[in-house]
Amino acid sequence: MLKKYWKKIGMLILIIACVFNVMSKLVNKLSLNKEMLESAQYIFSEQENNNTTK
């Protein structure tokens, strides 16, 4: 029976693996708001460092 359906079983496993991969990337992705805040803090700290070294 496994000989007859091995391609379908392999394709199903591949699809499930791809879905889990995409979902894990979406869950672990930083939100745009957090990313913008971190960028603004970095730029602000760099400007402060440049002003203190002058």
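Residues numbered from 1 in each chain as written. Predicted model: local features only at pLDDT ≥ 70, side-chain atom pairs only at ≥ 80, totals over all residues. Heavy atoms only, no water.

### Some thoughts on the overall build of the protein chain
Our working definition: Note on conventions: DSSP H or I runs of at least 4 residues are helices, E runs of at least 2 residues are strands, and numbering of each starts at the N terminus. Radius of gyration: over C-alpha atoms. The globule rule applied is 2.2 Å multiplied by the number of residues raised to the 0.38 power. Surface exposure here means Shrake-Rupley accessible area, sampled with a 1.4 Å probe, where a residue is shielded only by the protein chains that are shown. Under this rule, positive means Lys or Arg and negative means Asp or Glu; His and the chain ends count for nothing. A single reference atom marks each charge: NZ on Lys, CZ on Arg, CG on Asp, CD on Glu.
Helices and strands together make up the secondary structure of the protein chain, namely 2 helices and 0 strands. For 54 residues, the compact-globule estimate of 2.2 N^0.38 gives 10 Å, and the protein chain exceeds it by more than 25% at 24 Å. By principal-axis analysis of the C-alpha atoms, the protein chain measures approximately 75 × 20 × 10 Å. When the accessible surface of the protein chain is totalled, it reaches about 5,700 Å², and 67% of it is carbon and sulfur. Between the averaged position of the 8 positive side-chain charges in the protein chain and that of its 4 negative side-chain charges there is a distance of 33 Å.

### Notes on the environment of Lys-7
Along the chain, the position of Lys-7 falls in helix α1 (residues 2–28). Separated by 44 residues in the primary sequence, Lys-7 and Asn-51 place their C-alpha atoms 64 Å from one another.

### Some words on α1
Every α-helix winds through 3.6 residues per turn, so residues three or four apart in the chain are directed the same way. Defined as follows: Here the expected span of a helix is defined as 1.5 Å times the quantity of residues minus one. Here the bend at a residue is taken as the angle between two axes, fitted respectively to the seven residues that end there and the seven that start there.
Along its 27 residues, α1 runs 36 Å from first to last C-alpha, staying within 8% of the 39 Å computed at 1.5 Å per residue. At Lys-8, α1 shows its maximal kink, close to 30 degrees.

### Topic: a nonpolar patch on the surface
Basically, it comes down to this: The residues that make up patches have over 30% relative accessible area and no salt bridge, and they are joined within 9 Å when like-charged or within 5 Å when they are Val, Leu, Ile, Met, Phe, Trp or Tyr. When a carboxyl oxygen of Asp or Glu lies within 4 Å of a side-chain nitrogen of Lys or Arg, that pair is called a salt bridge. Relative accessibility decides the category of a residue: with a 1.4 Å probe and only protein chains considered, values under 20% of the type maximum give buried, values over 50% give exposed, and everything between is partly exposed.
There is a patch of nonpolar side chains on the surface, built from Met-11, Leu-14, Ile-15, Val-19, Val-22, Met-23 and Leu-26 and spanning about 670 Å² of accessible area. Along the chain, Leu-26 turns up in helix α1. The class of Leu-26 is exposed, set by a relative accessible area of 57%.

The values reported here are purely geometric and, on their own, carry no functional implication.
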